[in-house]
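Per-entry structural report
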Amino acid sequence: MGVGEVLSRRAFLGRAAVGAFGLLTLPACGPGGPGHGVGPGALDVWVWQDAADKVQQAAVDRFNASGAGRARLNRVPGDGYEDKLRVAIGSSKAPDVFFNWGGASVKEYADAGELLDLTPMLQADTAFGKAFLPSVLQAGMVGDRYYGIPMRGTQPVLVFYNKAVFADAGVSPPETWDDVTALIAIFTEQGVTPFALAGADAWAELMWLEYLVDRFGGPGVFERVKNGDVRGWRDPAVLRAAKAVVDLIERGAFGHSFSAVGYNAGGASALLSRGRAAMQLMGSWEYANQLAADPEFARGRLGWTTFPTVTDGRGDPDAVVGNPNNFWSVTAGVRDPEAAFAFLRTAAEDAYAADLVGQGAVPTTTDAASFLDRSADPAFARFQYDLVQRASTFTVSWDQALPSAQATGMLTLIRKLFAAQLAPAELVEALTALPRG
Amino acid sequence: MSSGRPGRAVPRDAGTRLRTGRPGALWAVPALGFFALFALAPLAIVAYLSFTSWNGLGAPEWVGWANWSRLLSDRDVREAAWHSLLLTVGTWAFQTPAALLLGVWSAGRGRHRAVLSAVFLLPLLLSSAAVALVWKSLLDPNFGLVAEVAPVLGFDDASWFSTPEGAFSALLFVLGWQFIPFHALLYQGAARQVPEVLHQAAALDGAGRARRFWSITLPQLRNTVVASSVLMVVGSLTFFDTVLILTGGGPGTSTTVVPLLVYRNGFEGFEMGYASAIAFALVLVSTAVSLLLVRLTGFGRMSATSARDGL
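Since the structure is predicted, the reported quantities are computational estimates derived from the model, not experimental observations.

Of the regular secondary structure elements, chain B holds 15 helices and two strands. Classification of the 311 residues of chain B by burial places 45% in the buried group. Total accessible area on chain B is roughly 16600 Å²; 68% of this is exposed by carbon and sulfur atoms.

The next subject is the overall build of chain A. Along its length, chain A carries 21 helices and 13 strands. Its C-alpha atoms give chain A a radius of gyration of 21 Å, near enough to 22 Å, the size a compact globule of 437 residues would have. Principal axes of the C-alpha set define a box for chain A whose edges measure 60 × 55 × 45 Å. Evaluated residue by residue, chain A yields a buried proportion of 57% over its 437 residues. Residue pairs in contact within chain A that sit at least 24 positions apart in sequence constitute 77% of those at least 6 positions apart. For chain A, the exposed surface amounts to about 16300 Å²; the carbon and sulfur share of it is 53%.

Residues and elements named next belong to chain A. If you trace the five strands from one edge of the open sheet to the other, you get E2-E1-E3-E12-E6, paired in mixed fashion. Each edge of the open sheet is held by one strand with a lone partner, namely strand E2 (71-77) and strand E6 (149-150). Sheet topology places strand E1 (residues 43-49) next to E2; seven bridges connect them, and they run parallel. The partner of Val47 across the bridge, within E2, is Arg75. Contacting E1, E2 and strand E12 (327-330), helix H2 (residues 54-66) runs over the sheet at an angle of about 165° to E2.

Looking now at a nonpolar patch on the surface. Residue and element names in this part refer to chain B. On the surface, a nonpolar cluster with roughly 890 Å² of combined accessible area is contributed by Phe94, Val115, Val119, Leu122, Leu124, Leu125, Leu126, Phe173, Trp177 and Leu185. Of all the elements in the fold, those that place two or more residues in the nonpolar patch are helix H5 (111-120) and helix H8 (164-193). Here the nonpolar patch takes three residues from H8, the largest share from any one element. Along the polypeptide, Trp177 turns up in helix H8.

Residues and elements named next belong to chain A. Taken as a whole and assessed by the stated rule, the structure comprises 21 salt bridges over all chains. Residue Asp96 pairs with Arg335 through a salt bridge whose shortest N-O separation is 3.1 Å. With Asp96 in the loop between helix H3 (81-90) and strand E3 (97-100) and Arg335 in the loop between E12 and helix H16 (337-345), this pair connects stretches of sequence that are 239 residues apart. In this structure, the salt-bridge partner of Asp229 is Arg224, at a minimum N-O distance of 2.9 Å. Owing to a relative accessible area of 38%, Arg224 belongs among the partly exposed residues under this scheme.

With the rule as written, the count across this model stands at 42 aromatic pairs over all chains. Taking 5.9 Å as the distance between ring centres and 70° as the angle between the ring planes, the aromatic pair formed by A:Trp208 and A:Phe307 counts as edge-to-face. Pair noted here: A:Trp208 is in helix H10 (residues 202-217) and A:Phe307 is in the loop between strand E10 (302-305) and strand E11 (320-323), with a separation of 99 residues, a long-range link. For the pair A:Trp208 and A:Phe307, a shared accessibility class is recorded, and that class is buried. Taken together, the ring pairs in this structure connect A:Trp177, A:Phe195, A:Trp208, A:Tyr211, A:Phe254, A:Phe258, A:Phe307 and A:Phe418 into an aromatic cluster. Lying over the aromatic face of B:Phe270, A:Arg86 brings its terminal NZ or CZ to 3.7 Å of the ring centre. One Lys or Arg, A:Arg274, reaches over the ring of B:Phe143 and ends 4.4 Å from the middle of that ring.

This next bit is on the packing of H8(B) against helix H11 (residues 222-237) of chain B. Residue and element names in this part refer to chain B. Remark: H8 packs on H11, axes separated minimally by 10 Å, with the N-to-C direction vectors making an angle of 165°. Relative to H11, the element H8 lies roughly antiparallel. Crossing of H8 against H11: the hand is right-handed. Of the residues in H11, those in contact with Phe182, His183, Leu186, Tyr187 and Ala190 of H8 are Thr224, Val225, Ser228, Leu231 and Met232. Along the lines of polarity and charge, the residues of the contact of H8 with H11 split into seven nonpolar, three polar and no charged.

Here we take up the nonpolar core. All names here are of chain A. One finds Trp208 and Trp233 to be the most contacted residues of the largest nonpolar core, which totals 81 residues. Not counting residues within four places of it along the chain, the set of residues in contact with Trp208 comprises Trp177, Phe195, Leu197, Val245, Leu248, Phe254, Leu281, Phe307 and Phe418. Of all hydrophobic cores here, the second largest spans 49 residues; its members include Ile89, Met121, Val334 and Ala339.

A few words now on the interface of chain A and chain B. Contacts between the two partners involve 43 residues from chain A, matched on the other side by 46 residues from chain B. Together chain A and chain B conceal approximately 3900 Å² of surface at their shared face, both sides included; 69% is due to carbon and sulfur atoms. On inspection of chain A and its partner chain B, the count reaches one salt bridge. Two residues, A:Lys416 and B:Asp76, come together in a salt bridge whose shortest N-O distance is 3.4 Å. If you look at where chain A meets chain B, you find 10 residue pairs in polar contact (both at pLDDT 80 or more). A per-element tally of the side of chain A that touches chain B places helix H1 (residues 5-24) of chain A first, with nine residues. Its residues assigned to classes, the side of chain A that touches chain B shows 19 nonpolar, 12 polar and 12 charged.

Another point: the confidence of the model for chain B. All names here are of chain B. Per-residue pLDDT for chain B averages 85, and the proportion of residues at 70 or more is 87%. A low-confidence stretch, residues 1-17 stays under pLDDT 50, and its non-local contacts, those more than four residues away or across chains, total nine contacts. In this model residues 304-311 is a low-confidence stretch, pLDDT under 50, and it forms six contacts with partners more than four residues away in sequence or in other chains. The ipTM for the predicted assembly is 0.82, set against a pTM of 0.84.

All names here are of chain A. With respect to the secondary-structure elements, Ser375 resides in the loop between helix H17 (350-358) and helix H18 (378-390). Looking at Ser375, the relative accessible area reads 8%, which means it is buried. At 3.4 Å, the side chain of Ser375 and the backbone oxygen of Val357 are in polar contact. Excluding residues within four positions of it along the chain, Ser375 makes contact with Val357, Gly360 and Ala381.

Our focus in this paragraph is the environment of A:Ala381. Residue and element names in this part refer to chain A. By secondary structure assignment, the location of Ala381 is in helix H18. In this structure the C-alpha to C-alpha distance between Ala381 and Gly360, which are 21 residues apart in sequence, comes to 6.1 Å. In this view, Ala381 contacts Val362, Leu372 and Ser375; residues no more than four positions away in its chain are not counted.

Glycine aside, residues mostly have negative phi, and peptide bonds are mostly found in the trans state. Residue B:Pro251 is bonded to the preceding B:Gly250 through a cis peptide linkage, with omega at 5°. Positive phi is not limited to glycine here, since A:Ala420 has a value of about 60°. With respect to the helices and strands, the residue A:Ala420 is situated in the loop between helix H20 (404-418) and helix H21 (424-432). Phi is positive for B:Phe270, close to 55°, though the residue is something other than glycine.

Most of H3(A) sits inside the fold, with eight of its 10 residues counted as buried. Buried residues of H3(A): A:Tyr81, A:Asp83, A:Lys84, A:Leu85, A:Arg86, A:Val87, A:Ala88 and A:Ile89, and no others.

Once that is clear, we can look at the packing of helix H4 (residues 75-107) of chain B against helix H10 (residues 209-220) of chain B. Residues and elements named next belong to chain B. At a closest axis distance of 12 Å, the pairing of H4 and H10 adopts a crossing angle of 90°. As far as their axial angle goes, H10 and H4 are roughly perpendicular. Residue-level inspection shows Leu100, Leu101 and Val104 of H4 in contact with H10, the latter providing Phe213, Thr217 and Leu218. Tallied by class, residues from the contact of H4 with H10 come to five nonpolar, one polar and no charged.

Reading guide: rules and limits
Residues numbered from 1 in each chain as written. Chains lettered and ligands numbered in written order. Predicted model: local features only at pLDDT ≥ 70, side-chain atom pairs only at ≥ 80, totals over all residues. Heavy atoms only, no water. Helix = DSSP H or I, 4+ residues; strand = E, 2+ residues; numbered from the N terminus. Buried < 20%, exposed > 50% of the residue type's maximum accessible area, 1.4 Å probe, protein only. Areas by Shrake-Rupley, 256 points an atom, 1.4 Å probe, with all protein chains shown as cover. Rg over C-alpha atoms; globule rule 2.2 N^0.38 Å. Contact = heavy atoms within 4.5 Å. Pairing = 2+ DSSP bridges. Axes fitted to C-alpha atoms, helices over the stretch in contact; angles between N-to-C directions. Patch = residues over 30% accessible without salt bridge, like charges linked within 9 Å, V, L, I, M, F, W, Y side chains within 5 Å. Salt bridge = Lys/Arg side-chain N within 4 Å of Asp/Glu carboxyl O. Phe/Tyr/Trp six-rings, centres within 6.5 Å; stacked < 30°, edge-to-face > 60°. Lys NZ or Arg CZ within 6 Å of the ring centre and 35° of its normal. Parallel < 35°, antiparallel > 145°, perpendicular 65-115°, else oblique. Left-handed = near helix turned anticlockwise from the far one by under 90°. Nonpolar A, V, L, I, M, F, W, Y, C, P; charged D, E, K, R; others polar. Core = buried A, V, L, I, M, F, W, Y, C linked by side-chain atoms within 4.5 Å. Buried area = accessible area lost by both parts, 1.4 Å probe. Polar contact = N/O pair within 3.5 Å; in protein donor to acceptor, adjacent residues only side chain to side chain. pLDDT = per-residue confidence, 0-100.

Written out as structure tokens, the structure reads:
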């Protein structure tokens, strides 16, 4: 006991993957496990496991049927995705192609020479590169080299709401911060949690700060931090945002038990769909998850709107935060680079875009607009598309934009803020003191 | 444990060993080999990593004592150490009496005891992760069983995990549910070793059930109490999976114990060097605590003859 703590973690992760997740999702293999009937030469493709991964499964199936190569999709449970990835890439079990959040999230891999530079491939096949919105393709760059191919829909963070709950209360979705506080009073009075919050996942809490800082101080505040100047945290907008969060908690905006509610297990979304909560601030992937868990709710009673405006904010009310997209990256030790490139090209195919819109997603391919009417919900697709088109800036989720050591420290501090262990002013000080890693 | 400690058990024991011709050191080689490969070698690597900066990719970079001086001034480490201490003390205080009573009770004769004992021992067969997941869903404040039961019992809501005290209690309860059976099994075995004549003699002297427990059973179980306590204390210092799954160290960081902090630094922040320093510090503390416990309780002098010593 207590011996070899760190190294035994790897053993633990394997055990947890088999013991915990294996129990629930028997068909899923552990990361790095042998392929099933695909053969030893197959590309090992890792994707974040959620309701939308059937799009990637369909792409793998089409790819295998096309004869261009063989691939096997490894649906890795979202909790601990990044640590499994790091251990695999740091060892000999690296996947060939893997899901990630673009440039900043793979910078350490690129710097360590673990990734395949996709720039030559994109230069050789200009039509492929032109299939994607340039700004989104750029989000997959590290320095001046391309390392990622957009492979899901664009993911702005939105306010989702339960139309039935709003109709019962006779109110309409919030447009301003005053609306928010008024709605909190109304819903808490009725015993409905105003905002479902997956407080067990610090990244869900982080979304509130991302939007509030952007609304109060504009995108420049975080941009400064992202570029390495930690004094950016001392911008008054950060303190103001933290105070607004504390105010929300004290008003009961998130209920009492949010710290035990997770997102990946569907906790927060279930609160919303069952009418126990009125709203949820979440990435646009919420739609796909609701559609999988409760199609009737997703199609009939799920509403969405933009993050409310604030008074005296310097930020643009049209600005959004979230993830421009997710990306495929290829590891340097890829078994068969040509097969991997052929697999990447599936992300630009019409069938792939059609599958994405079928999940309520908005692809970031240049011809996405022509698919929107085929969406699971054309209104939702059109709303997202317009929102992102109109947005003056699209701030990448802070935890994906910062170096991992700093991001982890930041998430811990945000956990503490939401648990009232840190006062807003202490948060600012502590953020400034975080290691850059 | 050997030097200058007079006791008749030592020479007599040594003599017995010679006479009965027990196996030589060679027999220990397989166990030692495994120990070296899976305990000592990783430990040495962790010790080395604690002096490096490494993000899990490429080669570790030597940084000297930087991680160790950071560790000494890190408030998160101090906080996590405090939580580990609380969890250890709480675990001991909750599990020892429960396991002792359960073990002694189940040591008695009777079919119903045997059946119930078998049921009590079931958690031993389950993996920690499975136990934690099951309890997490049962204790879920919105959709768990407790969410249905709490209003009936007069609670407003079942937000066990939203206060530090509640989260700690939930951890202690689940860890107890999982580990009490093991310790009860130790006590059951030990209680059955207590010579029946002692109880009979005490009963003749007019001692009741409670008196016999305090004056006969408990003193006879002394060595088992020590063994069980050492296992509990050292085990508590390294609790990880249950905490990760059940509370994730929350609310905030109020149940973040040292192993979880190691995990967060190592596998979320990818500061493998710093995480190794914390882990190695934990190894040092755990080793020191277990050695101290063994010394203080005289566990090292325990011999197989102690039961007969009581006669």
